[in-house]
Structures are given as C-alpha cells and as structure tokens.
Amino acid sequence: MTDCLLSARGIAKSFDQNRVLHGVDFDISAGQVVALLGENGAGKSTFVNILSGALPRDGGTIVWSGAETVFRDTRSALDAGIIHIHQELSLISSLSVMENLFIGDYMTGKSGIIDRKALAAKARELLARVGAAHIDPRVEAGSLSTAEQQIVEIAKALARNARLLILDEPTASLTPHEAEALFAIVRDLRAHGVAIIFISHRFDEVFAISDRVVVLRDGRVVGDRPVAETTRAGIIADMTGRAFTFDALDKPAIAADAPIRLKAEAIADKGRVGPVSFALREGEILGIFGLVGAGRTELLELLCGIRPLAAGTIVRPDGIVPTNSTEAWQSGLALLPEGRKTNGILPSLSLAENVAVAKRQKSGGILDLGVEKSLFARFRDALGIVSEGPEQPIRRLSGGNQQKVIFARCLASEPEILFLDEPTHGVDVRTKADIYKQIQDLAKKGMSVIFVSSELPEVLALASTVMVLSRGRQTLLAPNQGLTENDVLTAAFAQA
Amino acid sequence: QEVALSEGAKAVGGAVAAQGAAPKPLRLAVLSFQGSSFWEAADKGIAAAAEYLKPLNTTVDYIQLGTGLTAEVMVAGIDGALTKQYDGIAAVPIFDGTVAKVNEVVAEGVPFVSFIADSAEKSNRNVSIGMLAYDAGAKAGEFIAKQTGGKGKIAVITGYLGAAQHDARMNGALDLLKKSYPDITIVGPFECKDDDATAYSQATDIMTSNPDLSIIYVTAGGSEAAAKAVRDSKATGKVGVVGYDDLPEKQQYKDGGEILALIDQAPARQAFDSIVMLHNMIAFGATYPADIAVDAPVALGKGAKT
Amino acid sequence: MTAANVVRFVRTRREATVLAMLVLVFLGLTFASEFFLTGRNLSNVARQISVVGIVALGQALVIIAGGIDLSVGSVIGLSAVTGAIVSATTGMPSLGIAGAIGIGMAIGFANGVLITKLRINPFITTLGTLSIARGAALLITNGNPQRFDNWAAFLGYGKIGGLPVQFILLVALTIIVWLFATRTRWGRNVYAVGDNARAARLAGIDVARTRILVFTVSGSLAGLGGLLLGGMLTNANPNLGLGYELDVIAAVILGGVALSGGRGSIGGVVIGAALIGLLRNAFVLLNVSGYWQTITIGLVVILAVGADSLNRRSEED
Amino acid sequence: MTAANVVRFVRTRREATVLAMLVLVFLGLTFASEFFLTGRNLSNVARQISVVGIVALGQALVIIAGGIDLSVGSVIGLSAVTGAIVSATTGMPSLGIAGAIGIGMAIGFANGVLITKLRINPFITTLGTLSIARGAALLITNGNPQRFDNWAAFLGYGKIGGLPVQFILLVALTIIVWLFATRTRWGRNVYAVGDNARAARLAGIDVARTRILVFTVSGSLAGLGGLLLGGMLTNANPNLGLGYELDVIAAVILGGVALSGGRGSIGGVVIGAALIGLLRNAFVLLNVSGYWQTITIGLVVILAVGADSLNRRSEED
Ligand SMILES: Nc1ncnc2c1ncn2[C@@H]1O[C@H](COP(=O)(O)OP(=O)(O)OP(=O)(O)O)[C@@H](O)[C@H]1O
Ligand SMILES: Nc1ncnc2c1ncn2[C@@H]1O[C@H](COP(=O)(O)OP(=O)(O)OP(=O)(O)O)[C@@H](O)[C@H]1O
Ligand SMILES: [Mg+2]
Ligand SMILES: [Mg+2]
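Keep in mind that what you see is a predicted model, and the values were worked out from it rather than measured.

1. Details of the overall build of chain A
Part 1: A tally of regular secondary structure across chain A gives 17 helices and 19 strands.
Part 2: Relative to its length of 496 residues, chain A is compact, with a C-alpha radius of gyration of 23 Å against a globular reference of 23 Å.
Part 3: Dimensions of chain A, computed from C-alpha atoms along their principal axes, come out at roughly 70 × 50 × 45 Å.
Part 4: Counting all 496 residues of chain A, 57% fall into the buried class.
Part 5: Total accessible area on chain A is roughly 19100 Å²; 51% of this is exposed by carbon and sulfur atoms.

2. Points about the interface of chain D and chain C
Part 1: The partner chain C presents 47 residues to the 47 residues of chain D that form the contact.
Part 2: With both chains or domains summed, chain D and chain C bury close to 4100 Å², and 73% of this area falls on carbon and sulfur atoms.
Part 3: Seen at the junction of chain D and chain C, the total is three residue pairs in polar contact (both at pLDDT 80 or more).
Part 4: Those elements that place two or more of their residues in the side of chain D that touches chain C are helix H5 (93–117), helix H6 (122–141), helix H10 (197–202), helix H12 (244–254) and helix H14 (290–311) of chain D.
Part 5: No other element matches H14 of chain D, which puts 13 residues into the side of chain D that touches chain C.

3. Points about the coordination of the magnesium ion (ligand 4)
Residues and elements named next belong to chain A.
Part 1: Coordination of the magnesium ion (ligand 4) by the protein comes from Thr297 (OG1) and Glu338 (OE), over a distance range of 1.7 to 2.4 Å. Of this pair, Thr297 sits in helix H9 (residues 296–304) while Glu338 is found in the loop between strand S15 (333–336) and helix H11 (340–344), placing the two residues 41 residues apart along the sequence.
Part 2: The exposure class assigned to Thr297 is partly exposed, which follows from its relative accessible area of 22%.

4. Quick notes on the domain arrangement of chain A
Residues and elements named next belong to chain A.
Part 1: Under the domain assignment used here, chain A contains domain 1 (4–240) and domain 2 (260–492).
Part 2: Taking only C-alpha atoms into account, the centre of domain 1 sits 30 Å from that of domain 2.
Part 3: In this complex, domain 1 contributes 22 residues to the contact, which on the side of domain 2 involves 22 residues.
Part 4: Interface area, domain 1 with domain 2, both sides summed: about 1800 Å², of which 54% is carbon and sulfur.
Part 5: The largest share of the area that domain 1 buries against domain 2 comes from Asn40, Glu88 and Thr175, three residues that together contribute 29% of it.
Part 6: Summed over the shared surface of domain 1 and domain 2, the result is zero salt bridges.
Part 7: Our count for the domain 1 to domain 2 interface comes out at zero residue pairs in polar contact (both at pLDDT 80 or more).
Part 8: Among the elements that make up the side of domain 1 that touches domain 2, the one with the highest residue count is helix H8 (residues 232–240) (three residues).

Criteria and thresholds
Residues numbered from 1 in each chain as written. Chains lettered and ligands numbered in written order. Predicted model: local features only at pLDDT ≥ 70, side-chain atom pairs only at ≥ 80, totals over all residues. Heavy atoms only, no water. Helix = DSSP H or I, 4+ residues; strand = E, 2+ residues; numbered from the N terminus. Rg over C-alpha atoms; globule rule 2.2 N^0.38 Å. Buried < 20%, exposed > 50% of the residue type's maximum accessible area, 1.4 Å probe, protein only. Areas by Shrake-Rupley, 256 points an atom, 1.4 Å probe, with all protein chains shown as cover. Contact = heavy atoms within 4.5 Å. Buried area = accessible area lost by both parts, 1.4 Å probe. Polar contact = N/O pair within 3.5 Å; in protein donor to acceptor, adjacent residues only side chain to side chain. Donors = N, O, S within 2.8 Å, 3.2 Å for Na, K, Ca; no water. Domains from an automatic or database assignment. Salt bridge = Lys/Arg side-chain N within 4 Å of Asp/Glu carboxyl O.

Next comes the structure, spelled out in structure tokens:
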C-alpha cells in the first residue's frame, strides 16, 4: 500500500513476562475509518498507545507518511498529527476548558504569553463545530459531565489538525443520542481526509461508521476486511476464536406474591433526583435507563444510603435502611459503581484483595488469605478473568478485565440486592454475555438486581422491569413485556 | 614536673599543664557538638590538647556528635565511647537526661570530666569544669541592673524554651532582678530558637512596642542579630544588648556600642583544661575538686558604663 | 463587588478564608496595640514576611506541580554563606549575589533531576538535600558566621522610599510569578502536571522538564531568600533558615494551595505568609508568653484551613 | 531461596535495596571497627533504633493509609513529660505509663478526627498539632525537665536477658503491627483506603474510622516512644523528640512504604530504622566529622531510595 498514512509492521510488546502484542501488522489510509475490535485484554489499547507514542514498543516498525518513524513520546506523535483519545478520559480537571483544548501551548506562539481573549474565542469556535456551543470555555474542565468531557476531547483533536485520530472506546459512556452526534463529527473528519482508528465493543456503531474492521485476538491480527465483507457473527468468531451465539435471554416472570425486598416511596434527594417509587421483589431485575445525566447514579446512591435522603422512605423487610456504604454492604446490598478507575479499583492492590475487600467487611478477626485466593480463583473461572494470578495488581489488567474483578467483588459478598451502575462499561461481547448470564442465574436463585445502563438493547434484553429517568424524574416504570425501544426512548426524552 | 604549655595551648588560653608523659599509652575520648562558632572554638581547645598530649603518650580521639544537641545523641556518644574502651571521657553532658549514663560511666571505673555545661541535676562525674549557668545569669542580671541604674525596661530573648542551659541563664538573671530590683520591668521571654533572623525580628518588634526599652538580654544565639536590629532601628546608645559568648562576629557591635557586654565561657580553654586534667588524673592519680567554677569573664562593649 | 459577590468569592476561593482571618488579626491588632498601626511597625512587618513570602512563591509552584521542597530552609543557609564567601573572596558583591542565587538554583535543579530522572519521591529527595545542603554550609564555614556587609547586603536591609527592599522584591516577584503561573505556557503546564501527570504527558507536555523547572525556581528563590536574610543581618550564619521549610509550606497551604497538586493561587500564598508574619508580630507587640506562641500558631493553622474546609464541605471523596 | 529467587525478591520488593544497604553497612562496620561486633555495641545499637522503629511502625500505617503524621516528634516530648508528671504526682508509675500512652493516643485520635470530620489535610493538621503539643509540653513543665526514674522508666533503660527492653518491645510490636496489617480486616482496609479512598468507601469500608484508627495508633506508639525515651534518660525533657518526625518518616520511606499510600511492608520499616541507627552508630565508632554526618545521612537516604527506583524504573506514570 503506497497511499498508506500509517503502516505498522510486526509491532511487539511485553509487560514484564507477559507478551501482549505478537507482531501486529496494521495499515490505515487518509480518509479511512478502521474499527479495531477484540476481546478485553486482546491488546487494542496497548497497540494504539504504541502508535501514539504513549508506550514504547519492543519491536517492529512504523512508517508514517511514507517515512519510517519512531514516536518516542506523545509530543512527537502529536506534532505529526496523531491524536489519541484514551480509554480513560484525560482532561486536566483544574484547567479551564479552553486551556484543555490547546493544552501544552495554549496558542501562545513565540511570545509564550497566553492571550485569554483570543484563546476563549478560538475555543468557542471549536466547541461550536462539535455542537457544544453551550459549554463555557472558561469553566474548569472538571466541572463538566462525562459526556461533555468526551466532547471536549473531540474538540481537542480538531484543535490539533489531526491527521490520524484514535478513539479508544469513545462511546462507552455516551447514550445513543450523544454517540450519534459524535459520529457526525467523525464522518465530517473523514470527509476532510482524516484517518480514524475506532475501538468499540458495540457492533452497531462499528457497522455504522467504519470502512474496515481489524480484529485482534491475544495480540495477533486475526481478521482484516472491508466492513462490507463482514458479519456480526464472523467478527465474533474472529474475536473469540469460535463460533459464538448470543443466546436470547429468557426473562423469568416474577411471581406477584414474591416477597418484596425493597420498596421506595417517593424518594428524592436535594433537588436533583426524584420522586421515585417502586417495589423490588425477590428475583427481580430492574433495569434503569436514561440519558447521561438523568440522575441514575444518584438514584442508586440514594438507595444504598450513600447520598442522604431528602424526602420519601425506603422500606426493607428487615427494617434496615443503610445510611452509608458500610452499612449498605453489611445489610446485604452490593454496589458496582460507575467509573471503574476512580470509584472501582484499588489500583495497586492484588486481584484477590480487590475481590475480597467487600466480603471482608462482614467478617472480622484473623483473615485466611488462602481462602481469599481461592475465592478469586472461583470467579476467575466463572467470569473468565485474564490475569497472571491472584497477586497481580489490578492496575495492570485491561479495562474490561478490571470490570470483571469489580463484578466479582459484588458477587463475593453474596448480596440480597445487587446494584450495578453501567456494569458492562468497556466489556467485550463474550464477557457481556457471561455477565448477563450470571445476573440471570443469580436472579433465578432469588437475588434481586437493579442495574443502570446506557445501552438500550441491554436494558431490554436483561431487565424484568424497566424504569426510565428523565432529568431526575421517573417517567416510566413497567414490566419488560412488549416494551419497545421507542417506548423507552420516548420516556427518556420526556419533559417530565 | 610539669610539661610546659605549648604555643597552641597558650593560644587557646589553656591553664592546666600535664604532669608528664603517661607511663603507659592512654586513650581519651572527647565528645562535643558542632554547628556554630561557639562549638568551633571548643574544637580549637580539643585540637590543642590533642597536639599537646600526643608526645606525652596520650591519644585524644574527638568524637563529634554533629549538630543535633539532644540528650539521646550525647548518651549514644557516651555509649560508643564505652564500647571503644577509652581510659577516660571528657564531654559536654548539657542535659539532665545524661545523668544516668554518666553515672554508669563512673560506676564502670572510667573517669569522666564534664566541661562547658554540666547537667542541671548533679551526676557522679569526677570533675565538672564550667560556668554555672544560673550564676552566670545572675552575673548578667547584676550587670544589667548596674547599666540601668536599677530601673527601666528590659526584654529577654532566649534560645530554646526548655533547654536547661538557656533557661538557667534566663532565670539566673530574672530571679535576681525581680528580687533585688523591683523597679525593673521585664518583657518576654521570646523564643528565637537560636535563629538569627528570628532574633532580629523579635528585637525590632520589641523596640517598636516598647519605646522605653533599655536592655535586650539574649541568653543564647542571636545576640549579634539583636545588636544589628538595634543599629538598624537607630537606637544605638539608647538600647543595649547583653548576651553570651565573646565570638569574633560580635566584635563590630561591641565597638559600635550596641553590645554592652558578653559573658564569655572561654570554651577552648575549658576543653583544653578538662582533657589535660583527665590525663593527669589517669596517669598520675591527680585529684581535682569536683566542681571547678570557671569565672565568667565579662567582655564589655564600648557602650558599657563602667 | 456586591455582597453576593463577596460571599461567592469567600465560598469558592480557598484563600478567602485566610484573607478574612488576616483582616481580623489586622483589625484586632489595630485595637490591641497602639504601636501596631505605625509606619515603622508596618514596615517591619513587611520586611518580616518577605523572605518567607519569596521562598513560598517557589514552594507554591512546586506544590502545584504535585511535589514538595523540604530543602528550602537549608538552601537559605547555604546560599547566605556562599554569597558572603564569594563576595568576600572575589571582592565583587555582584558575584556574591550570583553565587547565592546560583547555588540555590543548582540545588533546585539537582532536586528536579533526581526526582524526574531517578524517579525518587520529592519528599525524600528534598529531605536528603535538606541534610546535604546544611552539612555543606557548615562544612565550608566550619560553623562560623561570615561577615556580609557590602552593597549586596543592601538588598536585605535597605529601604527605598520608606519601603524595605525585601518587600519591594516580594511584591515584584509575586507579580512575576503570578503572571508566569496564569499567563504563560510553562505556568499552565505546572498546573496540568500537578493535576494529572499522566494526562499531561499524554497531552504532549514535557512533564520532567516542567518539574525540573519548578524545583529550579524554588531553589533559586530560596537562594535569594538566603541572600536577603544574610544581608539583613550583615552576617551569614550557616544555620540560617533552619526549620523554615515548615513555615514556608504552612504559608503555601494557608494560602489555599492544595497539597495534592494542580490547584492554588499565587496571591493566596502571600496572604498565607502575611498571616504567619502578622501573628509573630502580634506575639511581640502583645507580649504573648513563649509557650502560648507555639500553641497559637498551631491553632491558627488548623483553624484557618479547617474553617476553609468546612466552608466547602460538599466537595470530594 | 535460589539465586533467581533472590534476584526476584530484590527486584520486586522495595525494602530489598535498603536491606542490601543495611547488610553492606553492617559488613563494612565489622571490618572498619573492632568494637562494632561486640555484644555491648550491638545492644546499644538495638536500643538506639528502638524508639524511631516503634514510632515508625505507627507512621507507616498512617502513610499507607494515605496520610502523614508530623506531630510524632512533639507527641514524644509531651508524652514523656506527662508520664513523668503523672507518675510523680500520683506516686503510681503504672499511671504514668497509662498517661504517656494515653496522651499520645488522645492527640492521635484528635488528629484523625480533625482530618476526617473537618476534612483538613493531614500534613497541615499534624503540623498544627506538632506546634500545639510542643507548646503544651513546655507549658505544663514550665520548660523544666522532669525526673523520671521509677520502675516505669525500666521500660526505657532496662534489659531482659541482655536485650534492651526497648528492643524487645520493638520486636513484639513489629510482629503485632505486621499481623494487624496483613492478617486483619482493619489492617487490609488501611491499604485499601490509602490506595483509593473513594473506591474503598464504595466497597463498604468505613474510611473515616480507618483513618482515625491509624492516627490513633500512630499517636499511641509515639506516646510509648516518649515514655521509652524519657525512661532511658531517666529524665523527661519537654524538648524530647524535637525533629524526630523527619527521622521517622525517612525510616518509613527507606523501608519501602510509598508516600502516595496503599503500598508498603511493616518489616521494611524496621529495616529503614535500623539503617539510620546503624549509620549513627558508625559515626561514633569511626569518628566521622560532625558536618559529614549530616551530609552522609542525606546522601544515604537519596542513594537508597534512588537505587531502588532505578531498579524498578519501568513502572508507573
Ligand atoms: N501497564 C501494564 N502493565 C502490565 N500489563 C498490562 C499493562 N497494560 C496492559 N497490560 C496487559 O496487556 C494486555 C492487553 O491490554 P489492553 O489494555 O491493550 O487490552 P484491550 O484490548 O484494550 O482491552 P479492553 O477492551 O478491556 O480495554 C492485558 O492482558 C493487560 O493485562
Ligand atoms: N457533584 C455534582 N455537582 C453538580 N452537578 C452534578 C454533580 N454530580 C452530578 N451532577 C449533575 O447531576 C446530573 C445527574 O448526574 P449523573 O451524571 O450522575 O447522572 P446519571 O444518570 O447517572 O448519568 P451517567 O450515565 O453519567 O451516570 C447531571 O446533570 C450532572 O451533571
Ligand atoms: Mg482498552
Ligand atoms: Mg451514572
């Protein structure tokens, strides 16, 4: 390929003894969107990190614009026009939005002095281009919502005159609506000749915007085809190494006389969420849908006692209503929080620790570390956690595998009610299926589940009851029988 | 027959002469601190003693304890000296916390001489040479009373509150003034932690808030800084500084009239004498009084009333 | 500013609580001591806060960048004696100034290199250089103070138009450092590095250089601080600046800089230094007993930062 | 252990580099001084490292939990005088022991409460209590050292079977704290809290209580340290422990505890304390000049931590 913008050959990478990439070959031309797919831990993030100079490579060559190049650091890659939006958002929260947009040089030119007016004007222009004119460029980036931050990241790429844009799971925390806005920008960039590498676990998106699909498995390229020649099943087979069908999930009906585990009566916090009312029965799976920012996380926090209740009552059969997270776990609740990196993992602790930590709060005395290790082993097998062993610090795992460990933490405490906030965030298809299956099995055994998701198909596939929040108000609560995507979306956009 | 004092010995003001060469080789340990010109002066005395005794079959090892003046450091140093089986030890056991250790030394039959500053609580040391801090304070008090005619206002800047030596000097003066000169008003004490810059600021502020001040009494480090403050406030002749240790850096303020008097400890001479005494005690069984009070010579500045 | 604006300012800016406290102490002193509001005393106070203030400016940059510099106190001592010795031996006071600031700069640079290249934690690195610099100052002087009374010392004790030169330097440096921190590329990078070093690196910021820069600035300003203190006393004592690091860090944190990095304003730092200086002045003017001075300083530090935290409790973890 | 295992250990455990250094210094001293390897000297060294070691155990927990406790030095002083005064006035040495440890515990608890409830940064809180505790120690004694020579003081200077009681306490406490840190729920929670407080809270850990606990332990152990130091000297001086916080923190970091929290081993801390103690002993045995002592300590601290960092450079940010 002579018209290649970037051509990588034989890229290899190991972390200590762990070989993560085994000679990856990859090409991309200007104006092309290439989807990079693979299971959790396949090496997608590692590979693109090497392309953008964020990680050094152990072997292989990269030809950029016709010349062999080594990007020693992100700076040189950025200067060449390679913009990488990382899997974990990377805005500097204490700097203003406009400073983030032009981070590093702040349009200072030679003088080195920042012209704040000019900076703000240019920032407004960029934000308008990505359809986010409502964001004030002078506010701190940390005060923006996740979705807004994601948009600022995209605007940042525009500011740099990207030639190659790498998007590592950009839609994982976006609702379909917001994702669509993002795709519009991506298409526009493609039309302007920008090459785009797109990593996602959502097939619809892949088919919607990419030209080519490259599949990684265990650090090797196992498929590289134009999107027209691929099928969903084919990609999944490439990714997992076997044919794989996504079983339709049967949703067990909840008996009307099943005991009530938790009842919320017009609960609300200080102004952002509520009133919300529902009753959760044994074995019920309540799926909560809503746009990002609808207040779903807050609702879970209210229910778990992490956020003070301003109005309404929560009733549980044993009468225990937790007022903090410790009491919540002790009283049989388990929470998988949103934001794996900031709220979920204990980064330098071992996998076994990360699993055992919550269960431990119920016990005391001298711990048996052997038991904790075998606890981890059990979930490693059940959830297919790819790791070097129970002693490995969790920060060394790929994002999806980290998510599985946190899921294991919840299950290990054997909760009565399981609260899951975006449980499949950044999780590959097979694992998703594993997690769905686990949830269903547990529900059949009588566990009740409340989960928040921004993926509508997921909500409809898994929930026995669906709740929709719109701007903190409950706009739908119905059994998941005959509900259509349209019904749910209508409720989500309702101006309650 | 006494061995004549060497030039070096005379230079540090040494007064005790050796009674001859030791019949068998002797090893003496000296423990002292570092970190200021005061200790530097003591070092000179130790070096002079080492040089003087070398031909007399006595080796003097100087164990430097560094800049952290604490009881634990001194105790650890003495422990080290015991471990190394010296025949005698001379040290500056300034803190009460050293008493038990010094008693242990003596109980083991190792002669112990203290110089410059002994602990306030008396230990069983064989000889203590030094100026009694409390008495020196009283002497300073007398001098202050004389300068002010027994009335007026004086301020006190001390080194570390809780440091025995500093407190003793402070109280020696204050007790006397309070008892015998009720017309004298006392301001402070202020703690400067031996920091010149702090002493300077405190002296400045004291003069600001006490226009009728006549003396600043500095019990430890910082007397030259206080003198500089007097000079900078153009209060020379009106406010005088009384402090300790006649060190070279203070000369200009003695000449300038800001420093009225410095009570000197002659650290070099004390160090020298104590080591030679130790030599005489061990080699020849010489005996000395348990307490040898070194007279505290007062070095007067130009502005002092005589 | 309307009243609402004032309330908003107090609630959102960390330095506001300390500013309020400063005003309170100021007013309190005005009533409590007739000598407080005299030109002479105010000029003294201005001088007394200058060195801590100047050194705190550099420390603030270091802390904003996510580090800490414990070596500043020792650098003050080493720079003072170096300045004195260099000007005495060469007979050129200007070289003395260069020497004092230069040695501070060198130590700051060394701190930065050790921290970024050898990846040693800033706390431990500067704890190490704290020891080394103090030892070196004592070693080259043998513990003896060095006479320092040429024109270079004028910076320390001189006055221009009634204002201490030290204070004029503090004001000028505050403006310069403030401009640097808010209006220059390097300055903004300091915040970025302190807030999220990884993200800063991924955004193409040279994290190592930024860190080396702030440590070098901190060392240089500590060097200047040593020069000023030595000059003020016309006598450079190797023990100068002993324990200053804690005062300086307290001033920085009182001024609203977050120890976790990424946040803080330069103006606040000077307010913090001023509060500490004013308290020290108050102790002498009001003849507060020595023991209570120590206790009061501790209480004020906790109170000021505590009041600020309570004020904005909703935030974070 | 095979050679490969040894290499692996050295490469993965932070404390290994310092242990290697300790062994080197030990061997070096054995050759350099005939007096080093005598029972008497080793017993002295054992005693000299005990107080720093014991206080460092508590400090290690605090730092692992993501905090820092600067007040320990002052707590040593306050506890020592409290112990002495209480046993003197009540005539009951056992009450003196309780008083010394109790006051340390109380200050530690106060630190914890201020930090968690008022959300004041640990650095600034304990900087405040550092001042307050020292002031209080001076105030209650009026600056005077207190005689302390009843049987309670035996803990400080006594020996059992040739071993200093202090050292026996150090060993016992090390084992207890190690068990606590590795084998109990609260101990493991300390690591989790220091690693990621938000995640720990969401996982059901009572973060505030965990933090209060570690500060209370640190205060109590500093209280015990004061008792031992006062007992050893049979004299409790209100200035005891001045500046110990830096030695203690250095020992903890030398021992491989990460200042950023979440990581570190208890055994390493004792190794760190032992290295510092051994160096001090070497200075006395080898007649090292006073100024070089200061420089050497600084160099060793940087070297030990630096060698360790170089050893494992690949990791992080
Ligand atoms: N810093 C690191 N240190 C050690 N191992 C690492 C590190 N980063 C990634 N790995 C390992 O490399 C492998 C590939 O990780 P990578 O993040 O590239 O996966 P991914 O394909 O992006 O997965 P996901 O879809 O979950 O994001 C994983 O097994 C992971 O454990
Ligand atoms: N600490 C906060 N201060 C101010 N506004 C906040 C804060 N936390 C959340 N919000 C706002 O409250 C709303 C709901 O928050 P949140 O984003 O947690 O909802 P959500 O439905 O859980 O969405 P997501 O899918 O992002 O989790 C949003 O508008 C958000 O910007
Ligand atoms: Mg990834
Ligand atoms: Mg949410």
